[in-house]
Amino acid sequence: MTYDPQPPLSSPPGVERLPEGPGGPGHLALVGGSEWSAGCEGFDQDLLRASGTSEVLVLPTAAAYWHPDRAVATAASYFSAFGASVKACMVLRRADAEDKANAGTVRAARFVYVAGGSVLHLRSVLKASPVWDALVEAWSSGAVLAGSSAGAMVFGDAMVDPRGGALTLGLGLLPQLAVLPHANNWSEEKTHRTVRLASRGLRIAAIDERTALVRAPDGQWRQAGVGGATIWLDGRRVALEALASGSQGPGGPAGLGGPGGLGGPGGVAGPGPGEPAAAGTASADSAPGS
């Protein structure tokens, strides 16, 4: 059985439809895990510059069961090296996500970073909440938004269930997309299962730790960091440009295999599920930065 979300995906195949604000969406980064560690400095500094602020708002929601205060402290120490400060928005349970003051804090932020941890807890806390609405409003109005591991997973229309690799509903910020973080650590078997279960037109972004896929305001995507990323569509590896167009079908170029280049020789199509050399992915229902 393939994943076929109900209600239907927010955009038809080949069309990227995103929330719109007065100035359009800001930069967005999908980080494969191990946030705020060596190897992430380049893209995080780029995001900080793009935000035009020196303060990063951290939501440690997914880390609620793993000492969220430590996640905030790690972020504060990390960003201090770039001359930036960190402000925590301690949305740890549903009541916090319903709080108008917390929603106001998120709405006013210019750089919001959603930490890793339990993706199932993160989704249950944020779904259809004032804080989630404020986050969408902030990004659609030009704020920078980053999510790592679980924080990246919930942004998609579809979301990988970390208990086995099946697909379920995400929060729907990014249409026709599901994120597989920790791609360098997850098993090939789970990757194949996720790719097989994906409905036609659903793009799967498998991202290594300390690696980011960054979307610019003009809708173009790039890879940054120390690892690789692979985009799957309809059972095949495709080019990174498929994230922008949604139109790259089977037989397209291979996914990115490392910093600055395509993974397959000559940019030819990579193997599909069940063939050798497939990309791996990893669960995000674990402690942040793991």
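Up top you'll find the structure we're talking about.
Residues numbered from 1 in each chain as written. Predicted model: local features only at pLDDT ≥ 70, side-chain atom pairs only at ≥ 80, totals over all residues. Heavy atoms only, no water.

Q: Just checking my understanding: could you explain unusual backbone geometry for this structure?
A: Most peptide bonds take the trans form, and the phi angle of most residues other than glycine is negative. Phi is positive for S149, which is not a glycine, with a value near 55°. Along the polypeptide, S149 turns up in the loop between β5 (144-148) and α7 (150-153). Its relative accessible area of 3% is what places S149 among the buried residues. The residue D234 is not glycine, and still its phi comes out positive at about 55°. With respect to the helices, strands and loops of the structure, D234 is situated in the loop between β12 (229-233) and β13 (236-238). (Helix = DSSP H or I, 4+ residues; strand = E, 2+ residues; numbered from the N terminus. Buried < 20%, exposed > 50% of the residue type's maximum accessible area, 1.4 Å probe, protein only.)

Q: Explain the side chain of S129 to me, please; I cannot follow it from the model alone.
A: Among the secondary structure elements, S129 is positioned in the loop between α5 (119-126) and α6 (130-140). With a relative accessible area of 1%, S129 lands in the buried category. In this view, S129 contacts R94 and A97; residues no more than four positions away in its chain are not counted. (Contact = heavy atoms within 4.5 Å.)

Q: It is not clear to me how the environment of W186 should be interpreted in this structure. Could you clarify?
A: For W186, the location among the structural elements is in the loop between β8 (177-180) and α8 (188-197). Through-space distance from the C-alpha of W186 to that of D208 is 9.5 Å; in sequence the pair is 22 residues apart.

Q: How should the packing of helix α4 (residues 100-108) against α6 be read in this particular structure?
A: A pair of packed helices can be characterised by two numbers: the angle between their axes and the separation between those axes. Where α4 contacts α6, the axes come no closer than 8 Å and their chain directions differ by 15°. With respect to α6, the axis of α4 lies roughly parallel. Considering only the axes of α4 and α6, their crossing is right-handed. Across the interface between the two elements, N102, A103, V106 and R107 from α4 touch P130, V131, A134, L135, E137 and A138 from α6. For the contact of α4 with α6, a count of residues per class yields 7 nonpolar, 1 polar and 2 charged. (Axes fitted to C-alpha atoms, helices over the stretch in contact; angles between N-to-C directions. Parallel < 35°, antiparallel > 145°, perpendicular 65-115°, else oblique. Left-handed = near helix turned anticlockwise from the far one by under 90°. Nonpolar A, V, L, I, M, F, W, Y, C, P; charged D, E, K, R; others polar.)

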